[in-house]
Amino acid sequence: MGEQHIVVTITVDGSVTAETKNIHGGKCLDYIGLLEQLLEAQTTASAYTSDYKRVEDALTSPQEVRSDLHEQP
Amino acid sequence: MSVSIILVPIALAAVAAWHAAQTEEQDGHLVCHVATRMRDPQLLTAALTDTGASVETAEGEVVARWHGVDAVFRRDEQGIWSVHLTGETDEEQALDIVTAIDAAYGRQVQRAVLARLKARAPDAGLEVTSETKQGDDITLVLTVAAGA
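Heads up: these notes are all about the structure in this document.

Criteria and thresholds
Residues numbered from 1 in each chain as written. Chains lettered and ligands numbered in written order. Predicted model: local features only at pLDDT ≥ 70, side-chain atom pairs only at ≥ 80, totals over all residues. Heavy atoms only, no water. Helix = DSSP H or I, 4+ residues; strand = E, 2+ residues; numbered from the N terminus. Expected span 1.5 Å × (residues − 1). Buried < 20%, exposed > 50% of the residue type's maximum accessible area, 1.4 Å probe, protein only. Contact = heavy atoms within 4.5 Å. Buried area = accessible area lost by both parts, 1.4 Å probe. Salt bridge = Lys/Arg side-chain N within 4 Å of Asp/Glu carboxyl O. Nonpolar A, V, L, I, M, F, W, Y, C, P; charged D, E, K, R; others polar. Pairing = 2+ DSSP bridges.

1. Section: helix α1 (residues 27–39) of chain A
Residues and elements named next belong to chain A. The end-to-end C-alpha distance of α1, which contains 13 residues, comes to 19 Å, matching closely the 18 Å that a straight helix rising 1.5 Å per residue would cover. Every buried residue belonging to α1 is among C28, Y31, I32, L34, L35, L38 and L39, and all of these are buried. Directly after α1, the chain includes E40, whose backbone phi takes a positive value near 50°.

2. Here we look at the interface of chain A and chain B
When the parts of a complex come together, some accessible area is lost, and that lost area is often used as the size of the interface. Counting residues at the interface gives 24 residues for chain A, matched by 23 residues for chain B. Roughly 2200 Å² is buried in total at the junction of chain A and chain B, and carbon and sulfur atoms are behind 59% of that figure. Here chain A and chain B share 0 salt bridges between them. Looking at the side of chain A that touches chain B, the elements with two or more residues in it are β1 (5–10) and α1 of chain A. Considering only residue class, the side of chain A that touches chain B consists of 12 nonpolar, 7 polar and 5 charged. In the sheet, β1 of chain A pairs with strand β9 (residues 137–144) of chain B via 6 bridges, with the strands oriented antiparallel. Along β9 of chain B, the bridge assignment pairs V7 of chain A with V141 of chain B.

3. Concerning the pairing of β1 of chain A
Residue and element names in this part refer to chain A. Of the pairings in the sheet, the one linking β1 to strand β2 (residues 16–21) comprises 6 bridges and is antiparallel in character. Looking at the pairing, H5 lines up with K21 of β2. Taken together, β1 and the strand that follows it, β2, pair antiparallel across an intervening segment of 5 residues, in which G14 is found at a positive phi of about 90°.

Have a look at this one:
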């Protein structure tokens, strides 16, 4: 398994989009909560990316998650 | 001329959309509603400075002065900001001023979010391995530390 990444884009109005790369199984979902903590933000939308169907072996199903976050009021 | 603007939080703007479109006249001056992301007084002060205003803060209010136009920002009990502009301004110019401040505020939020993420990432087992700018957007790649 290669390096695991989270790609975080911060727009000029402060909105944040985050996408996990190479983080397999349910662990990718843990990073939503972590990002909410780091950013003091609230997820407004999340979805699996097209890579979620990629299967490395019979035991694990890789899932990558893209989340949109906004700062909490 | 004086214009008062109620700064409706964007999160509420959809619900208050009909208010957002209204311009009313109250006590002889115009009152408008504008959807905005502005909430934090410190970021507001920084945004106002970015627009070229001289800024003073006092208990519960922020006063900004440009050439010919003064603005007093106040927050009510529900945390909703309003701004009262006086001087060489009309409704259209007042709305333009607020739009410019809102855009500057967004850039301040971007800077604050970026700084917060860079400062906290290491303790969360994440390393910032790249930072790129595309247009006005900034993208960080965070690499998960081995064993994290």
